Amino acid sequence: MYRFLLSRQWVILTLVALLLIPTMIKLGFWQLHRHEHKVALNKVISQSLTGTPVPAESVTAPGQHVKHADLYRRVTAKGTFDTAHEVVVRRRTNADGEVGYHVLTPFDLDDGRVLIVNRGWIDSDGSQTAFPKIPAPAKGEITVTGRLMPDETTGDSGIKNIQGLPDRQVMLINSEQQAKSLGKQVLGGYIEQTAPAPKGDSPELIPDPEHNDIGPHMAYAIQWWLFSAGVPVGWLILVRRERRDRAEAAASASASAPEAATVAA
């Protein structure tokens with residue numbers, strides 16, 4: 001009755017179904033883990049943005065990676081901007097999706113170390129080679145406040161670290177690269193400046209990250225698990241349909257056999 005399951009076609013179909021089930025289950029758990037990561041990150045961001053600012057030197061140091069718990073943490077630093085060694089980060093967008101640069105300015109601390117400050121976004125004015133005109137920051141010793149961010153790498157960001165760029169242009173915001181360029185001790189990570197606000201609103205300060213949206217990952221996880229449950233159901237439906245079609249074909253052949261014999265006689 002079910003000998004057709006031993007045919008080459010049905011053996012292949014059954015093996016494919018057996019492979020799809022664990023694969024879809026695994027994909028579902030992958031999406032679940034992404035959901036859990038997103039929820040946890042949103043919690044960290046929310047707590048960091050509402051926390052009291054702390055000195056940057058208390059949560060990071062030269063050569064140190066920013067801890068996950070300190071992501072987006074509000075920090076302060078006292079010192080002076082070094083615009084002579086300012087660089088821009090290529091291919092960055094603002095809140096409206098316009099492509100331009102992020103402005104990275106070394107901030108010399110009182111103890112001689114340096115904190116890299118992302119002062120915000122400026123328009124590229126259509127040029128990809130000339131160093132843009134950048135509004136100057138406040139002169140003299142000031143206190144800046146910002147969100148602590150981890151160093152960017154190609155692996156984490158997907159941004160290729162292109163070599164041979166025009167002078168004072170970079171692709172990634174990375175404290176180790178800046179330390180080599182400056183020849184000074186640079187605190188790990190960098191900050192996105194939130195205060196003081198620039199005169200004339202330029203550079204445009206980077207807005208707070210979105211931390212209320214949990215994304216579609218849980219829905220995707222449920223979909224994959226439903227698909228995995230649907231595979232054996234679909235397989236059974238196909239088996240029953242094949243059995244029914246074969247039974248009908250056999251019955252039709254049996255009914256036509258006596259008629260053929262009568263005609264022959």
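Engineer: Let's hear about the environment of Glu 176: which residues, and what values?
Structural biologist: Of note, Glu 176 is situated in helix 3 (residues 175–182). Linking Glu 176 and Gly 63, residues 113 residues apart in sequence, is a C-alpha distance of 6.9 Å.

Engineer: Account for the pattern of salt bridges, with residues named and values stated.
Structural biologist: Under the counting rule described, the total for this entry stands at ten salt bridges. Its salt-bridge partner being Glu 152, residue Arg 92 comes within 2.8 Å of it at the nearest N-O pair. Of this pair, Arg 92 sits in strand 3 (residues 87–93) while Glu 152 sits in the loop between strand 6 (142–149) and helix 2 (154–157); the two residues are 60 residues apart in sequence, bridging distant segments of the chain. What makes Glu 152 buried here is its relative accessible area of 14%. Glu 242 is the partner of Arg 246 in a salt bridge, and the nearest nitrogen-oxygen pair spans 2.9 Å. One end of the pair, Arg 246, and the other, Glu 242, are both in helix 4 (residues 217–264), four residues apart, so they sit about a helical turn from each other. For Glu 242, a relative accessible area of 22% gives the class partly exposed.

Engineer: Just give me the short version of the pairing of strand 5 (residues 114–123), but keep the residues and values in it.
Structural biologist: Counting buried residues along strand 5, nine of its ten residues qualify, which places the element largely inside the surrounding structure. Taken together, the nine bridges between strand 4 (residues 99–109) and strand 5 define a ladder with antiparallel strand orientation. The residue of strand 5 that forms the bridge with Gly 100 is Asp 123. Hairpin connection from strand 4 to strand 5: four residues lie between these consecutive antiparallel strands, with Gly 112 at a positive phi of about 95°. Bridge analysis of strand 5 against strand 8 (residues 190–195) gives two bridges, and the strand direction is parallel. Paired with Val 117 across the bridge in strand 8 is Ile 191.

Engineer: I'd like to hear about the pairing of strand 6, residue by residue, with values.
Structural biologist: In terms of residue burial, strand 6 counts as a mostly covered element, since seven of its eight residues are buried. With six bridges joining them, strand 2 (residues 74–81) and strand 6 adopt antiparallel strand pairing. Each bridged residue has a counterpart across the sheet, and for Val 75 the counterpart in strand 6 is Gly 146. Pairing of strand 6 with strand 8 involves five bridges; the strand directions are antiparallel. For Arg 147, the partnering residue across the bridge sits in strand 8 and is Glu 192.

Engineer: Got a sec to walk through a nonpolar patch on the surface? Specific residues and values, please.
Structural biologist: Together, Val 11, Leu 15 and Leu 18 make up an exposed nonpolar region whose accessible area comes to about 260 Å². Along the chain, the position of Val 11 falls in helix 1 (residues 8–50).

Calculation notes
Residues numbered from 1 in each chain as written. Predicted model: local features only at pLDDT ≥ 70, side-chain atom pairs only at ≥ 80, totals over all residues. Heavy atoms only, no water. Helix = DSSP H or I, 4+ residues; strand = E, 2+ residues; numbered from the N terminus. Salt bridge = Lys/Arg side-chain N within 4 Å of Asp/Glu carboxyl O. Buried < 20%, exposed > 50% of the residue type's maximum accessible area, 1.4 Å probe, protein only. Pairing = 2+ DSSP bridges. Patch = residues over 30% accessible without salt bridge, like charges linked within 9 Å, V, L, I, M, F, W, Y side chains within 5 Å. Areas by Shrake-Rupley, 256 points an atom, 1.4 Å probe, with all protein chains shown as cover.

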